[in-house]
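# Examining the three-dimensional arrangement
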Amino acid sequence: MDTLWNRLLELAESQPERRAVIFKKEQLTYQELVKRAVCMAGALRAEGIRHGDRVCFSAVSGPEMVAAYMAVRASGAVAVFLDKNGTPESMAAICTEAGASLLLTDKPVKGKVLCRILSLREMYRRAGEAVRNGSPLEPAVPVSPEEEEIAELLFTTGTTGKPKGVILTCRSVYHILTDTAQGIGIQREDCLLLPLPLHHSFALRVLRAVLYQGGTVVLQNGFTFAREAEQNVSAFGCNCMAAVPAAYEIMRSQMQDAFARVLGGMRFIEFGAGSLSIRQRKEITELLPGVRIFNTWGSSESGGAVFCDVAQAVRDPARAGMLGKTLPHVQVKIVDADGKEMDSSSTNPGRMALKGDMLMTGYWKQPQLTEKTLTAGWLLTGDMAYMDEEGYLYMLGRADDIINVGGEKVSPVEVEEAAGQYDSVRECACIGVDDPDGILGQVPVLFVAVKSGYTQEGLLKFLSTRLQRHKIPRQAVVVRRIPRNRMQKTDCGKLRMLWEDKESLELMNPVMQVIFSRRSVRKFTEQEIRRPVLEMIVRAGCYAPSGHNMQSWRFTVLTSQEDIRRLREKTQEAAQQNRVYFYGWENPQALVLVSNDKRNADGCQDASCAAENIMLAAASYGIGSVWLNPLKTLRDAPPVKSELDSLGIPQNDIVWAAIALGYPVAEGALLQKKEEVIHFIQSVSEKCFS
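A short tour of the structure in this document, coming up.

Definitions and cut-offs
- Residues numbered from 1 in each chain as written.
- Predicted model: local features only at pLDDT ≥ 70, side-chain atom pairs only at ≥ 80, totals over all residues.
- Heavy atoms only, no water.
- Helix = DSSP H or I, 4+ residues; strand = E, 2+ residues; numbered from the N terminus.
- Buried < 20%, exposed > 50% of the residue type's maximum accessible area, 1.4 Å probe, protein only.
- Polar contact = N/O pair within 3.5 Å; in protein donor to acceptor, adjacent residues only side chain to side chain.
- Contact = heavy atoms within 4.5 Å.
- Axes fitted to C-alpha atoms, helices over the stretch in contact; angles between N-to-C directions.
- Left-handed = near helix turned anticlockwise from the far one by under 90°.
- Core = buried A, V, L, I, M, F, W, Y, C linked by side-chain atoms within 4.5 Å.
- Phe/Tyr/Trp six-rings, centres within 6.5 Å; stacked < 30°, edge-to-face > 60°.
- Pairing = 2+ DSSP bridges.

### What about the side chain of Asn239?
Looking at the secondary structure, you find Asn239 in the loop between α8 (226–236) and β11 (240–243). Classification of Asn239 as buried rests on a relative accessible area of 18%. A polar contact of 2.8 Å, which involves the side chain of Asn239, links it to the backbone nitrogen of Cys191. Excluding anything up to four places from it in sequence, Asn239 contacts Glu189, Asp190, Cys191, Met266, Arg267 and Phe268.

### Side note on the packing of helix α1 (residues 4–14) against helix α7 (residues 201–213)
Angle between the axes and distance between the axes: these two values describe a pair of packed helices. At a minimum axis distance of 9 Å, the contact between α1 and α7 shows a crossing angle of 35°. Here the hand of the crossing between α1 and α7 comes out left-handed. For the pair α1 and α7, the contacting residues are Leu4, Arg7, Leu8 and Leu11 in the first and Arg208, Leu211, Tyr212 and Gln213 in the second.

### Describing the nonpolar core
Of all hydrophobic cores here, the largest spans 128 residues; its most connected members are Trp5, Leu8, Leu194 and Leu211. The next biggest cluster of nonpolar side chains, apart from the first, holds 25 residues, and it includes Ile537, Ala610, Ala617 and Ala657.

### What to know about the packing of aromatic side chains
For the structure on display, the rule yields eight aromatic pairs. Plain terms: the ring middles of Tyr69 and Phe81 are 5.1 Å apart, the flat faces sit at 70° to each other, and that makes the pair edge-to-face. Remark: Phe81 occurs in strand β4 (residues 78–82) and Tyr69 occurs in helix α3 (residues 63–74); sequence separation between them is twelve residues. Judged by its relative accessible area of 1%, Phe81 falls in the buried class. Both rings, one in Tyr248 and one in Phe259, keep their centres 5.8 Å apart while their planes meet at 75°; by these two values the pair is edge-to-face. Here Tyr248, found in helix α9 (residues 245–255), pairs with Phe259, found in helix α10 (residues 258–263); they are eleven residues apart in sequence, far enough to count as distant. Here Phe259 falls in the buried class, since its relative accessible area comes to 2%.

### Considerations on the sheet that holds strand β13 (residues 292–299)
Here we have nine strands laid out as an open sheet, ordered β2-β1-β10-β9-β11-β12-β13-β14-β15, and mixed in their pairing. Either end of the sheet is taken by a strand with one partner, and the two such strands are β2 (26–29) and β15 (325–326). Contacts from α3 reach β1 (19–23), β2 and β10 (216–219) within the one sheet, and its direction differs from that of β1 by about 135°.

Below, the structure written as structure tokens:
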């Protein structure tokens, strides 16, 4: 049968110089990829690896992982992918469970696994040296596996409990990659950006499909820093991307106005490992009107199986939240609790079941779980769904997550969709908890990460017009962020732990909400800030701490657009002359200049504390702010000096901060915060009792 390895051999002949894999400065053409894989396959055979042996390897985001994957398959061994960030314990557990003969990794796991360990990086490096030195290579021969031969094992990566291994045969892998290529229309000319962990089934199916079609894959270590994505798109001409829904929020927040410019030229973007909300679907199709947006449902057991063209969905309000349709050769049905096919509807959902050549053949060494999940060729998923008369599927959530409120079934997805459209909710997640009154069995609770201006009263009032009474959350719990796993799916287990830990929930008071939700905003609407509100915001600066209670600060407030424009122009002129960074003076409705006497040794600290108070106070009123810094350097530079003097700022004052205020056009950039900088030092008594 056809395989990805055999296809790579053909491509190495037909398009040897086309780039196959790129990671930062390292690139492999199709010819180089095949040669490296051949060398590494030879090294595996020299280590005694034979047909059917399991080889575990770290799925790092680099060409070495792709070469190792192909080397394992070329040697007839079974590929077992490990999370590159997995703990030594989880890696050892998977190696043991798989009965691995060899582990390729560069993580310190020696002594924790029963099989041999070799350096993946070193094996890859030696293969590269052999190729560059023109060393004699073994012939790159095609493989001819049986369809039912095991090709890959995809293990869950939980740190507790027994790992669950999904068995994919050669037939399964082939149909998963062709389903993906067909479902989203991957072409040879595509250069796809892949910022996903490569041990995950979503990333793997996209990787396989692009390489099979002869395209180029640009690997990236996650999407947390959108700047790297922008650089990759520019440097390598990426015209498509695979991402998770959380990537949309992060990239849009960090890129701001550049989002449409950077991604607007793409041919398609596929979102998987989660569903885009209706709000996200509408936003992204408006922001990227020329880009085809796909939202794919898939699993390790089936690959990508249900495909949704998002633009098509949002054109019909009744189908805006649909899961999509399967490909023609994939069968789907909705079944009841006894496994019998049923006529489903939004009020009568059931479990989604799938059938097709892409399905796994079972779980590794878990026959009971296999029998429970696979019945007569049908895969029984854990998802509650219904199907309309035209075959479109709609997801209500995991069967285990459906909330039973006094006999009424509540879908967490429906609650999240409604709450996600409230302006002050950044992201949210709904779970069912025990009814504290002991009457209804369960009640829904909503966890929300909020923007400035949020109130629980406002959210619940908003939901009361969109949800039936029994679906309205009993409580909306504000958290700093929704906990997620490596693939950015909501971690419901951690949410339940948070709910049980009442003390931690009480820590998120209104003050902490404002601190965690404030973002720097550089572009503002034309809406004026009412004078009483502005006065209260600036007065907050007066209540900041001051060294020795000197309070030698001064707060100069500009509200005239003419005054702000004139100061901006003179500051820009001075900044260019003095090579000072100048950015962010867009169109504030007010500008607060925080200055302090330079003879005060604590002047900088005092002004900084006051500036923070002002920005937090602004956020509490739903007003955006940003700290502008050039005046600190340019206080005495012409023509800035004369302008500041005319505003009455004392000549001995340094302007430590200029704070721009206004109602935001869009939410400020969501930047990653470094929490590893926090270090608690144990006291002697704590050490004694720990």
